Amino acid sequence: MTIPTLFGTGGHSASGQVYDSATYYSNVGLGRCAMNLGAVTSESNASRPIRAAGSMSYLSWGVAENGFCADLTLALRKGLSATAMSVSISSSTTGWFTDSVHSISVSSGDVLAYSTHLSTTCTYTGSFYCVSMRFDASSGSAQMLTTFGPASIAPETTRKFVNFQGVLDSGTGTEANHQFYCLADGTWKNLACYFEDNTFNRPSVVTNRINGANGSMAISIPSAMDATSGYYEDTSDSDSVEAGDLLDYGIIGAPLAGSGSITMDWIGAHFVADDPNLCMIGGSQGGGVFLSGNDPFYSSLFGGGKAASTSPRATGILSYDVTASKYTNFLTGGSGEATFTLLVDGSSSALTASATSSGYWTDNSHTVQIDAGHNCANQIEITTDNVIWASGALLLEVR
């Protein structure tokens, strides 16, 4: 019997956004929506190898209000070719679409990505739901977790920090603003990244970070004189992590100051839970976002993670039956308070937490059972003044 985990991307809300007739790509490991601003049109910039064998199935996506202005086809790609698993959405059509027919076998080392093909150029105002997909590993379980840009990072002689999972930004020197609260014990391995442009004139190093210290994994990025783009991966090292550990990535330049920057498309890794029934999902805003006002905000738990006032872009379908728990949100500052609620099919669930200050706020008291085909989203309500919100996360257990 195989045990599933969840792959996918966050959603996106567009306002008068122009889309050229093209094929757009996104990372499968809970990254950003392919239809996001700064969309990726080169497959190599978004694809990455999976380091576990198994099968992909139950691909879901959708368009919310207004319907899109062109025909859309979302497909799983393997080895730089489209597979049979896809969903097609006709122009002006709204709702959810799921390929529940096809199952795609993958081997360790297969290169995966999502592609979204647009039949014609158009301008769109509306929302795309999150993408989700089920992965059944041949043995145990495995996830790919990604922070996705692209973002221009200028390494310095002191370390800059970026998110473990969610939205990739240019990095800051305040590590606490980027740390992700780990929800399960497991192995963190196969640190990887792709950069599309490199003008930084000195070497730099990307490392994984655990509780404010370097982990075992590292990637050395050559100076611009030696490499202007490329995929890099640490296939040799790994770290054991525990629930409650704080996870992020760091990047540092050579001991001597340099000039220029690295345009990083994504940084990510594999996570293998000690209990194969467990799977972490979530989303993180790059460095945090200031929120205030009476209307609720919503963020994706399927990757990406920007908090905004439209809920469809934060909503995704679960592709297998789960028990959800350890619902967590992270505030890095602000003068107010907030209440967080996991929405299931648009309604409040028993998973909720109230924050009175900065920090990680987790509901350790409740669980919620969610059946395959139902959806969820993270809701943030500001109860007084303002907050700086950074991330949301949820633990899924197969049932």
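Structure shown above.
Residues numbered from 1 in each chain as written. Predicted model: local features only at pLDDT ≥ 70, side-chain atom pairs only at ≥ 80, totals over all residues. Heavy atoms only, no water.

Chemist: Got a minute to help me understand the overall build of the protein chain in this structure?
Modeler: Within the protein chain, the secondary structure is distributed over zero helices and 33 strands. Over its C-alpha atoms the protein chain spans a radius of gyration of 19 Å, differing by no more than 12% from the 21 Å that the globule rule assigns to 399 residues. Dimensions of the protein chain, computed from the C-alpha atoms along their principal axes, are close to 55 × 50 × 45 Å. For the protein chain, the share of sequence-separated contacts (at least 6 apart) that also reach a separation of at least 24 residues comes to 77%. When the accessible surface of the protein chain is split by element, carbon and sulfur atoms take 45% of a total near 13700 Å². Of note, the protein chain has its 15 positive side-chain charges centred 5 Å away from the centre of its 33 negative side-chain charges. (Helix = DSSP H or I, 4+ residues; strand = E, 2+ residues; numbered from the N terminus. Rg over C-alpha atoms; globule rule 2.2 N^0.38 Å. Contact = heavy atoms within 4.5 Å. Areas by Shrake-Rupley, 256 points an atom, 1.4 Å probe, with all protein chains shown as cover. Lys, Arg positive; Asp, Glu negative; His and termini not counted. Charge placed at Lys NZ, Arg CZ, Asp CG, Glu CD.)

Chemist: Explanation requested: the side chain of Ser 26 in the structure shown.
Modeler: Considering the arrangement of structural elements, one finds Ser 26 in strand 3 (residues 23–26). The class of Ser 26 is buried, set by a relative accessible area of 2%. If sequence neighbours within four positions are ignored, Ser 26 has contacts with Thr 9, Arg 32, Cys 33, Ala 34, Ala 46, Ala 113 and Tyr 114. (Buried < 20%, exposed > 50% of the residue type's maximum accessible area, 1.4 Å probe, protein only.)

Chemist: Where do I start with the state of the cysteines in this structure?
Modeler: What is meant by a disulfide is a covalent connection between two cysteines, made through their sulfur atoms. Scanning all chains against the criterion turns up one disulfide. The partner cysteine of Cys 69 in its disulfide is Cys 122, sulfur to sulfur 2.3 Å. A torsion of 70° about the S-S bond marks the disulfide between Cys 69 and Cys 122 as right-handed. Placement of Cys 69 in the loop between strand 6 (54–63) and strand 7 (72–78) and of Cys 122 in strand 11 (residues 122–128) is noted, with a sequence separation of 53 residues between them. Judged by relative accessible area, which is 29%, Cys 69 ranks as partly exposed. Relative accessible area serves as the criterion here: at 8%, Cys 122 is assigned to the buried category. Distance from the sulfur of Cys 33, which forms no disulfide, to the nearest cysteine sulfur (Cys 130) is 8.1 Å. Cys 33 sits in the buried class, given a relative accessible area of 7%. (Disulfide = S-S within 2.5 Å.)

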